[in-house]
Amino acid sequence: MNKKLKEILSTSIYFLVVLVVTFLVVTYVGQRTMVIGSSMESTLSDGDNLIVDKLSYRFSEPQRFDIIVFPFRYAEKTYYIKRIIGLPGETIYIDGNGTIFIDGEELKENYGKEVIKDPGRAYEPITLGEDEYFVLGDNRNNSSDSRDPVVGNIHRDEFIGKAWMRIWPLNKIGMIKHQ
């Protein structure tokens, strides 16, 4: 085999390995996504670019206040970014004052940008199934989330992953705080 052919073969194998590794990382480990809209203000802003961790939920259960990414059921290539509020088996209720209750106890949290004006479908208690989660945007009065019947409860198998790191804009680069 001549030297030129060996070099071409070696380079081809190198590129094939790089493509396979890239495919595996994007499919199973992480993915870049961009925030569109203001539903997660002030935690995440329109135009923020994030890396989504697709691996950790294979080894651990989602926790309350995790920020997750999931596909919108009625539009291809549209993804929502929301915060988990209700966990499987819990009952969620939002009263007329905008207070969130989980299993009858007031939820102590500081992620909501403002008092909830419209409890949506949570004006009556919603009991989550064994693989269902109730999610809200941090900008509660400007978010399409589990209060909206179009979004509803999110099933565990719909999760793409957990927001892990902001990579853009450069002045906000860093890990995403969930808890």
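Residues numbered from 1 in each chain as written. Predicted model: local features only at pLDDT ≥ 70, side-chain atom pairs only at ≥ 80, totals over all residues. Heavy atoms only, no water.

Novice: Just checking my understanding: could you explain the environment of His155 for this structure?
Specialist: Examined against the element boundaries, His155 turns out to sit in strand β10 (residues 154–155). Sequence separation between His155 and Leu136 is 19 residues, and the spatial gap between their C-alpha atoms is 14 Å. Every residue in contact with His155, bar those within four places of it in the chain, is listed here: Arg73, Asp131 and Glu132. Looking at His155, its side chain comes within polar contact range of the side chain of Asp131, at 3.3 Å. (Helix = DSSP H or I, 4+ residues; strand = E, 2+ residues; numbered from the N terminus. Contact = heavy atoms within 4.5 Å. Polar contact = N/O pair within 3.5 Å; in protein donor to acceptor, adjacent residues only side chain to side chain.)

Novice: Help me understand the environment of Ser144, please; the structure alone is not making it clear to me.
Specialist: One can find Ser144 in the loop between β9 (132–136) and β10. In this structure the C-alpha to C-alpha distance between Ser144 and Tyr80, which are 64 residues apart in sequence, comes to 8.9 Å. Excluding residues that lie within four positions of it along the chain, Ser144 makes contacts with Tyr80, Lys82 and Val151. At 3.4 Å, the side chain of Ser144 forms a polar contact with the side chain of Asp148.

Novice: Just to check I follow, could you spell out the nonpolar core for this structure?
Specialist: Where a protein is soluble and globular, its nonpolar side chains tend to be buried together. Ranked by size, the top nonpolar core spans 14 residues in total, and within it Ile85, Ile100, Ile102, Leu107, Phe134 and Leu136 carry the most contacts. The set of elements that each furnish at least two residues to this core consists of β5 (91–94), β6 (100–102) and β9. Not counting residues up to four positions away in its chain, the partners in contact with Ile100 are Ile85, Tyr93, Ile94, Glu105, Glu106, Leu107, Glu109, Ile116, Leu136 and Arg140. Core analysis: the next-biggest nonpolar cluster, separate from the first, contains 12 residues, Ile68, Phe70, Val151 and Ile154 among them. (Core = buried A, V, L, I, M, F, W, Y, C linked by side-chain atoms within 4.5 Å. Buried < 20%, exposed > 50% of the residue type's maximum accessible area, 1.4 Å probe, protein only.)

Novice: Any chance you could explain unusual backbone geometry here in plain terms?
Specialist: With the exception of glycine, the majority of residues adopt a negative phi angle, and the majority of peptide bonds are in the trans configuration. Ser42 follows Glu41 through a cis peptide bond whose omega is 5 degrees. By the element assignment, Ser42 lies in the loop between β1 (30–34) and β2 (49–53). The omega torsion of the bond from Trp168 to Pro169 falls at 0 degrees, within 30 degrees of zero and hence cis. In this structure, Phe65 is a non-glycine residue whose phi angle is positive, near 80 degrees. Positionally, Phe65 belongs in the loop between β2 and β3 (67–71). On the accessibility criterion, Phe65 (12% relative accessible area) is buried. At Asp103, a residue that is not glycine, the phi angle is positive and equals roughly 50 degrees. Of note, Asp103 is situated in the loop between β6 and β7 (105–106).

Note that all results are geometric; they support no functional claim without further evidence.
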